Every structure is written in C-alpha cells, then in structure tokens.
Amino acid sequence: TTTTSSSSRDALEAVDWSSQLATDDETILWKGILWKRKGLLWRERVFLLTSKPRFAYFDAHATPPEYKGEIKWTYDKPVHSRRRSQNHFDVVTDDRDYHLASFDVGADVWIRRVDAALNLQATRRIQSSRAFAVDGQGDTVGEDLDLLADLDDDLVDDDDDDREQRPEARSVDT
C-alpha cells in the first residue's frame, strides 16, 4: 500500500500555493496529494484544482516545490473522470489519459471535485453570457465564490455520507 510522505503533507500545508499560480485571477478550488503514473512508475505530486480550470501539479519533495505540469481543459473540450478502483481514477482529455491515485480521501472525492469544477465552469459561462447580455460587464466573481462555497459544502456532506456507509472494521479474536 502506498502512503503519503510527510514532506508532501508538510508542503501541502506550509507552501503558499496561490503564489505558484500563473495569474492573480486564478484561484485554488481544491488541493491535495495524488499519485500520478508516468509509464510504469508512480510519483507523488501535490495537485491544485484551479478556477482556470486546470489541474496544476508539483513535486513537493523539491524545495521550493517544482512545477511539473498541468492538465487543462476548456468549456469546448472538457475532461471527464473515470473511476478505476476505490483509490485509482483517470482524468481523460482529448490528448491522453492521466492515471491518478488518492490514498487519503479516495478516487470518488476527486472525481466529484473535478465534476464540481466542470459545473462551476459551465455555470460561470452561463452567468457571464447573461451578464454581458444585461449590462455588458460579465463580472461574476462574488457569485463564483458563493457557488464554490455551496459546491464545497456539498462535497463535505457527500464525504460524511460515504464514511457513514462504509462498514466498520471488526476485530476477530483468535
């Protein structure tokens, strides 16, 4: 079983990840430690799911954390997620499949996060087109933050439901 290293957990909390983003108008929706497969090898990475929308990933073992790449998408070319197992999932783009694993919260949580980011992107596009039609400005930042808070609350509620549905481990006396 693969576990999260303490250096990645420490970096997840200690690093100002928003300073690692390309632009000031990009915000971090969720961050976490995922394992990414490249070829036959699995590498531990800190993933930032952002409002751009994209997944940016970093090697947290390097000081400072080293940017390794990103999975980006557009409204016209969205990604989708595919569950492989309790901990493994794929993020699928037109160009390639990214094989990922989450050993702390599991695949389902990250799949819901990607879906929430896609929903936020679609909602933003609809709100922006409505705002431009009404007042020509399209400024929906406050509405985005409200929507994101609602989505985050829903994810936390879903996580609690998942934990309640899992069977408890039982010890067997021998």
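Heads up: the structure comes first, above all this text.
Quick caveat: nothing in here was measured; it's all calculated off a predicted structure. (Residues numbered from 1 in each chain as written. Predicted model: local features only at pLDDT ≥ 70, side-chain atom pairs only at ≥ 80, totals over all residues. Heavy atoms only, no water.)

The next point concerns the overall build of the chain. Across its full length, the chain holds 3 helices and 7 strands. Across the chain, helices and strands are ordered from the amino to the carboxyl terminus as α-β-β-β-β-β-β-β-α-α. The burial tally for the chain puts 40% of its 174 residues in the buried class. Residue pairs in contact within the chain that sit at least 24 positions apart in sequence constitute 43% of those at least 6 positions apart. Accessible surface for the chain amounts to roughly 10800 Å². Of this, 46% is attributable to carbon and sulfur atoms. (Helix = DSSP H or I, 4+ residues; strand = E, 2+ residues; numbered from the N terminus. Buried < 20%, exposed > 50% of the residue type's maximum accessible area, 1.4 Å probe, protein only. Contact = heavy atoms within 4.5 Å. Areas by Shrake-Rupley, 256 points an atom, 1.4 Å probe, with all protein chains shown as cover.)

Next up on the list: the packing of aromatic side chains. In total, this model carries 5 aromatic pairs according to the counting rule given. Geometrically, the ring pair formed by Phe 47 and Phe 55 is edge-to-face, given 5.2 Å between the ring centres and 90° between the ring planes. Overall, the relative accessible area of 0% leaves Phe 47 in the buried class. Judged by its relative accessible area of 0%, Phe 55 is buried. Where Phe 58 meets Tyr 67, the ring centres are 5.6 Å apart and the plane angle is 70°; that geometry is what we call edge-to-face. Classification of Phe 58 by relative accessible area gives buried; the value is 1%. Judged by its relative accessible area of 42%, Tyr 67 falls in the partly exposed class. (Phe/Tyr/Trp six-rings, centres within 6.5 Å; stacked < 30°, edge-to-face > 60°.)

On to unusual backbone geometry. Residue Pro 53 is reached from Lys 52 by a cis peptide bond, and omega for that bond is 0°. Here Pro 53 lies in the loop between strand S2 (41-50) and strand S3 (54-59). The linkage connecting Thr 63 with the following residue, Pro 64, adopts the cis geometry, with an omega of -5°. Here Pro 64 lies in the loop between S3 and strand S4 (66-72).

Turning our eyes to something else, we now look at the environment of Leu 34. Relative to the elements of secondary structure, Leu 34 occurs in strand S1 (residues 28-38). Judged by relative accessible area, which is 0%, Leu 34 ranks as buried. Sequence separation between Leu 34 and Gly 106 is 72 residues; the distance between their C-alpha atoms is 9.6 Å. In this view, Leu 34 contacts Arg 43, Glu 44, Arg 45, Phe 47, Phe 89, Leu 100, Ala 101, Ser 102 and Trp 110; residues no more than four positions away in its chain are not counted.

Okay, the sheet that holds S2 next. Through backbone hydrogen bonds, the strands of a sheet pair up, either in parallel or in antiparallel fashion. The strand order across the open sheet built from 7 strands is S4-S3-S2-S1-S7-S6-S5, with neighbouring strands paired in antiparallel fashion. Where the open sheet ends on each side, the last strands, each with one partner, are S4 and strand S5 (80-83). The average angle at which neighbouring strand axes cross in this sheet is 35°, direction not considered. In this sheet, strand S7 (residues 97-101) lies alongside S1 in antiparallel orientation, the contact comprising 3 bridges. Residue pairing for S7: Arg 37 is matched across the bridge by His 99. Contacting S1 and S2, helix H1 (residues 6-14) runs over the sheet at an angle of about 155° to S1. (Pairing = 2+ DSSP bridges. Axes fitted to C-alpha atoms, helices over the stretch in contact; angles between N-to-C directions.)

Turning our attention to H1. Along H1, the residues that are buried comprise Ser 8, Ala 11 and Leu 12. For H1, the arc enclosing every buried residue in end-on projection is 105°, short of the 170-degree limit, so these residues lie on one face. Among the exposed residues of H1, those pointing more than 90 degrees away from its buried face are Asp 10, Glu 13 and Ala 14. Where H1 is buried, its residues contact S1 and S2. (Arc of directions from axis to C-beta.)

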